Every structure is written in structure tokens, then in C-alpha cells.
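Secondary and tertiary structure notes
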Amino acid sequence: MTLDTSRIKLGGAPVDLLEFDQAVDLIAGRALASSQPPLGVVSINLDHIHHFGERSSLYGDFGLRSGPVGDIEWLNLADGAPLVEQARRLTAHQWPRLAGSDLIGALLARAERDGSSVGFLGGLPSTATELSRRLLTEYPALELAGCWTPSREELADAGYSCELAGEIRDVGVDVLVVCLGKPRQELWIDHYGVRTGAHVLLAFGAVVDFLAGRVDRAPRWAADNGFEWAWRLSKEPKRLFRRYIVEGPSAYRAVRRSPAVISTEVAES
């Protein structure tokens, strides 16, 4: 079926405006659609604007046009209070925040129901072990195709990444959850995603750590009031200081300067 969506640009990055259930239906539907191009799903937040926005060195590397970009079609979901608030200002509609950590539970439940196989790329080997155990408990009928935990050095090798993508293809993965952090996960999907044979590739950052219980999610009150960044910074100050304190403000300014340019796109599910 087709789904009409509004697409805006925030800080130079495209954002597809969808309600929660629309996003889940679209992604789950594409997991079953082997005749269509692979769908890459990316969360657009301030960290994304920093890496891929109009003032970044990677600007234009992927996902700036509607429809297939190369061999991957990108769905760009608003993640983070500043982007959701700017989308509200530009469209006069309160759109939901669609972070990967918000969507993953519903998507796994749909995959379990629909019989879609799921694989995970990223995290530590110990994380993958705990992830497999928890998924077996929470989604007993889910077809877990595999968990791959390559190092950064391995992923930087094009030959290795091609072999890895071939291994994922051989086991048959409908939905590949790619948790490598920005910008590596988006670039890896763009370069190697088609080779994996996956119908949907989710660039979902720390989701593997959340699902495995290695990292706690922010309380709902913090997420709902735009303070998740502060909560996460308090938990991991060394790793996140640069992202939120050094890089974040300029990305925020770029989002707030975004003009009211809205276009209508058609996404298929």
C-alpha cells in the first residue's frame, strides 16, 4: 500500500513526518516486501545534524533525496525534542518523537507476529549473549537470525565488511538492526546494506545495549520533557560530553534556522 507523508528539512537533513503507528506499519510492511528496494531507517537528531547536516563534511553523502538513493531508500524519523519542536512550529502539528529505542519493541513484536527474521549488528560479544537470552524470554516466537559484533577496525576494512554482509545474506535476515553509532551505522548501511539481503535496515544506535539491559533508558518524564540528553550525559559523561556540550549547540542552531519548506512524498509499505 502507499502512505502519503510530509517531508521537511531540518538543519539540511530530510525528516519524514509520521505518527507512531504509521511508522511501525510502514517499516513492518517493508520487512515483508522482497520486491522493493531495501529500506534504511535513520533517526534524525542533533547528533545526526552534526554529522550529516548542511554544514558537515558528510553533507550529501546519503538520504537527501526522496525515493531510492543508490540502492537504499531512506526513511528519516524525527528523534529528539529540538527536532520535534521545530517540526511543530513549521507544520502546526504535534508530531511524536520516533527514536529507535521507542520503536524497537513494537517492531520486534510485529516481526514475531509476521514471521520476519531479525538480526543485530553491533555491540560487544557479551552484549550479544545477554541480548539473545532476553529476546528469547520476551519474544519467544521471534526468529533471531544472528548477532554480529565486529570491531571498529574490522568494519573499517572494506573487504571484511563485504564478507560480513555476505554472511548476513546467507543466513537470511529480513530486518537488520545496525547499532554502530553515528555516522558509522548510516554509512555502513549505505555502502553495504544491499549486500546483506535485508529488506529493512534500522540505524538504531544504542538499541542493542538497551535491549540487553547493559544501558538503562532515560525515565519517561525526562524523555517527554526534552531532558533525555541531560540524563544520558549524567550516566556517561566521558563518552557523551563532546556530543551534547561541544557539538550539540551548533546543530541546535541549524535546526532552529530551518525554513518552512514542506513537500509531499509517497512511501510504500
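Before any of the text, the structure's been laid out above.
Summary of the structure given here. The structure displayed is predicted, hence computed values, not measured ones.

1. Things to note about the nonpolar core
Residues L121, L176 and W188 are the most contacted members of the largest nonpolar core, which totals 35 residues. The dominant element in this core, judged by the number of residues it contributes, is helix α3 (residues 81-91), at 4 residues. In this view, L121 contacts W148, P150, L164, L176, V177, V178, C179, L180 and W188; residues no more than four positions away in its chain are not counted. Listed in part, the 32 residues of the second largest apolar core include L77, L98, L142 and C179.

2. Topic: the packing of helix α1 (residues 20-31) against helix α4 (residues 100-114)
With their axes 10 Å apart at the nearest point, α1 and α4 run at an angle of 45° to one another. Viewed along their axes, α1 and α4 adopt a mutual orientation that is oblique. Between α1 and α4 the crossing geometry is right-handed. Contacts between α1 and α4 involve F20, A23, V24, D25, I27 and A28 on the former and, on the latter, D102, L103, A106, L107, R110 and D114.

3. Considering the packing of aromatic side chains
Under the defined criterion, the tally for this structure stands at 1 aromatic pair. With 5.4 Å between their ring centres and 45° between their planes, W188 and Y192 make a pair best called tilted. Remark: Y192 and W188 occur in helix α8 (residues 184-196); sequence separation between them is 4 residues, near one turn of the helix. Given a relative accessible area of 13%, Y192 falls into the buried group.

4. A few points about the pairing of strand β6 (residues 117-121)
Looking along a regular strand, one sees the side chains alternate between the two faces of the sheet. In terms of residue burial, β6 counts as a mostly covered element, since 5 of its 5 residues are buried. Burial of β6 is two-sided: the residues S117, G119 and L121 facing one way and the residues V118 and F120 facing the other way are all buried. Once you follow β6 into helix α5 (residues 125-138) and on to strand β7 (residues 143-148), the crossover reads as right-handed. Summarising the sheet, β6 and strand β8 (residues 175-178) pair through 4 bridges and their orientation is parallel. Residue F120 lies in a different strand from β8, and its bridge partner there is V177.

Parameters at a glance
- Residues numbered from 1 in each chain as written.
- Predicted model: local features only at pLDDT ≥ 70, side-chain atom pairs only at ≥ 80, totals over all residues.
- Heavy atoms only, no water.
- Core = buried A, V, L, I, M, F, W, Y, C linked by side-chain atoms within 4.5 Å.
- Buried < 20%, exposed > 50% of the residue type's maximum accessible area, 1.4 Å probe, protein only.
- Helix = DSSP H or I, 4+ residues; strand = E, 2+ residues; numbered from the N terminus.
- Contact = heavy atoms within 4.5 Å.
- Axes fitted to C-alpha atoms, helices over the stretch in contact; angles between N-to-C directions.
- Parallel < 35°, antiparallel > 145°, perpendicular 65-115°, else oblique.
- Left-handed = near helix turned anticlockwise from the far one by under 90°.
- Phe/Tyr/Trp six-rings, centres within 6.5 Å; stacked < 30°, edge-to-face > 60°.
- Right-handed = clockwise from strand over helix to strand, strands pointing away.
- Pairing = 2+ DSSP bridges.

Any functional reading would require information that these geometric values do not contain.
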